Amino acid sequence: MPTEDKLTEEEPEPVASRGRIVMLVDNDVVGDSRVQKAAASSAAAGWEVHLLGCVLSRRGRSWMLGGARVRLLPLRHTLRRNRHSVVRATLRRPLAYAHPSVANYRRRLVQSRRADLAASRITPGGGPVRGAWLLTRRVSARLQARWVAVRVHQTESLTAARNDPRSPLERCAIRFWQALLGDRAWRVLDRNLWDWDGAYRRVIDELEPDIIHANDFRMLGVGARAARRAHARGLQTKLVWDVHEFLPGIKPWGGAQPGWLPAMCAYEREYAGAADAVVTVSDVLADRLVERHGLRHRPTVVLNAPLTGGDAGRTEPVPDLRELCGVGPDAQIAVYSGRACVQRGLDVMIEALPRLPGLHVALVVSTARSEYLRGLRGRAVELDVADRVHMLPYVPFDQVVPFLAAADIGVIPIHRWPNHEIALITKFFEYSHARLPIVVSDVEAMGGMVKATGQGEVFHAEDLDDYVRAVEAVRGDPQRYRAVYDDRPGLLHEWSWEVQAEVLDGVYSGLLPAAARTAPPATPAPPMSGGDLIGAQGEG
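Here the structure is a predicted model, which means the values were calculated and not measured.

Trainee: So what's going on with the packing of aromatic side chains? Residues and values would help.
Mentor: Under the criterion given, the structure shown has ten aromatic pairs. Pairing W186 with Y267 gives two aromatic rings, centres 4.9 Å apart and planes at 85°, and the pair type is edge-to-face. In this pair, W186 is assigned in helix α5 (residues 186-189) and Y267 in helix α8 (residues 260-272), connecting sequence segments 81 residues apart. For the pair formed by W186 and Y267, the shared burial category is buried. Judged by centre distance (5.2 Å) and plane angle (75°), the rings of F459 and Y467 are edge-to-face. Each member of the pair, F459 as well as Y467, carries the same accessibility label: buried. In this structure, R288 is placed above the aromatic ring of F246, and the distance from its NZ or CZ to the ring centre is 5.4 Å.

Here is the structure:
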């Protein structure tokens, strides 16, 4: 393990704990509020907590998050070999080059040769011998260009086929490996999963945890194999699987190959039965997991609720959202916070602005430099509403609720993907605790909840006219929707991380009865590093 960067003060002296929990997550922790809250609250409840994430670097990092130790481990994608980049297929495309880069090289070489020939032809002199020599070069160059063009076309055709999950070529290959290997097919379809195991396994083994808390599908296999190794050494390590998303229903991430989702699903199925306890983010997802994996016990639901401990322990002032937007107290602001990508549906917020005079849009995102957000900014310029679109940075997770409270409407314009239907996502609870009226698309869980509580309006996903209707309804009588939070005081209490932390602690105590808590829980300490941000996990 490379030397770690110390980001905070010296680590506190070890104290007696109820047991050692090693939490695993496949990201850099700082953008994942769920794992941060779980780590900090568990440490405050008397557990010794080590939260392991990863970073694409040769050096790791380490800091304290309340009483939990966070470590980012160097991750190297050694086995992320894109099998689609090697496209030679003698029977399917016999003239294709072995690699797209070879095709690009040959095409550029032909272009340079023809440019050189054109320059030679305008040079005067040389007589008939030189003329014959140039004619030979022209004929040769023309034949070479045609030959290379044919091979480049075959290369591009094969590459497109191999990157199309609907192509018969890909479907046949994936089905062959699934039929041959069953749930072990991920070992061929995505060998990169072994890189995660290589990054984490030594550190997990050294910590000898009592409980391994594996967040989501990548860490499930890493945690399951670590638990098996621990059992082989005589330890009684327990595995908790924390399911953030319904894997078969997600939209594959950018750059994912056709075999990626089948590989991940096979990986999850192979190790799902290894978990001693399963927790997840919603009742609907809990039922889906029982149905999909035949779990012996229904998963325990731990909602993606915000921390509501008030200002105690907060060391930094909460940024003023209106000041960052450059607007006064009378301007109306519709806010969106979290991950920004096409399936989040943010484009409808921009397209509607010409029809919603006076309304500002605040997008609280991790970075405004993504291609998607640059496109939204460009569209705002085209619509002449750029002065009413504001892109703001994340704030520490214990500041999210008071930060968002300065807005007038919380918007969740998410598209209707299967995974989006089943969860009450983090921002839903953050908007609720900020006492914002919510405008949400008609996804099953969140749309149904908003209709049941009356805390906002529901519109048809990707329907601009219906979105405008919903926003106008809220703008016309915002107090009607805000009143729900006062009329049902127990609602927000149940939707708090303090309550959810108790549920999670009960899961741990059930696995280690000797560690059951007898004293009241401590209030989780706020983060001690400045990089703990609004999370995106559980958003589907």
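The rest of the description comes next.
Trainee: I'd like to hear about the pattern of salt bridges, residue by residue, with values.
Mentor: Counted according to the given criterion, the structure contains 23 salt bridges. The residue R298 makes a salt bridge to D287 at a minimum N-O spacing of 2.9 Å. Of this pair, R298 sits in the loop between α9 (283-293) and β9 (300-301) while D287 sits in helix α9, placing them eleven residues apart in sequence. For R298, a relative accessible area of 41% corresponds to the partly exposed category. Residue classification places D287 among the partly exposed positions, given a relative accessible area of 43%. In this structure, E421 engages R416 in a salt bridge whose closest nitrogen and oxygen atoms are separated by 2.7 Å. On the basis of relative accessible area, E421 is assigned to the buried category, the value being 10%. According to the relative accessible area criterion, R416 is partly exposed, its value standing at 47%. Among the ionic contacts, a cluster of salt bridges with common partners joins D197, R201 and R225.

Trainee: Account for the confidence of the model for the protein, naming residues and giving values.
Mentor: Mean pLDDT over the protein: 86, with 85% of residues reaching 70 or higher. Here residues 83-88 is a poorly scored stretch, pLDDT under 50, and it has 28 contacts once near neighbours within four places are set aside; other chains count. In the predicted structure, residues 525-540 sits below a pLDDT of 50 and forms 70 contacts with residues beyond four places in sequence or in another chain.

Each value, and the rule that gives it
Residues numbered from 1 in each chain as written. Predicted model: local features only at pLDDT ≥ 70, side-chain atom pairs only at ≥ 80, totals over all residues. Heavy atoms only, no water. Phe/Tyr/Trp six-rings, centres within 6.5 Å; stacked < 30°, edge-to-face > 60°. Helix = DSSP H or I, 4+ residues; strand = E, 2+ residues; numbered from the N terminus. Buried < 20%, exposed > 50% of the residue type's maximum accessible area, 1.4 Å probe, protein only. Lys NZ or Arg CZ within 6 Å of the ring centre and 35° of its normal. Salt bridge = Lys/Arg side-chain N within 4 Å of Asp/Glu carboxyl O. pLDDT = per-residue confidence, 0-100. Contact = heavy atoms within 4.5 Å.

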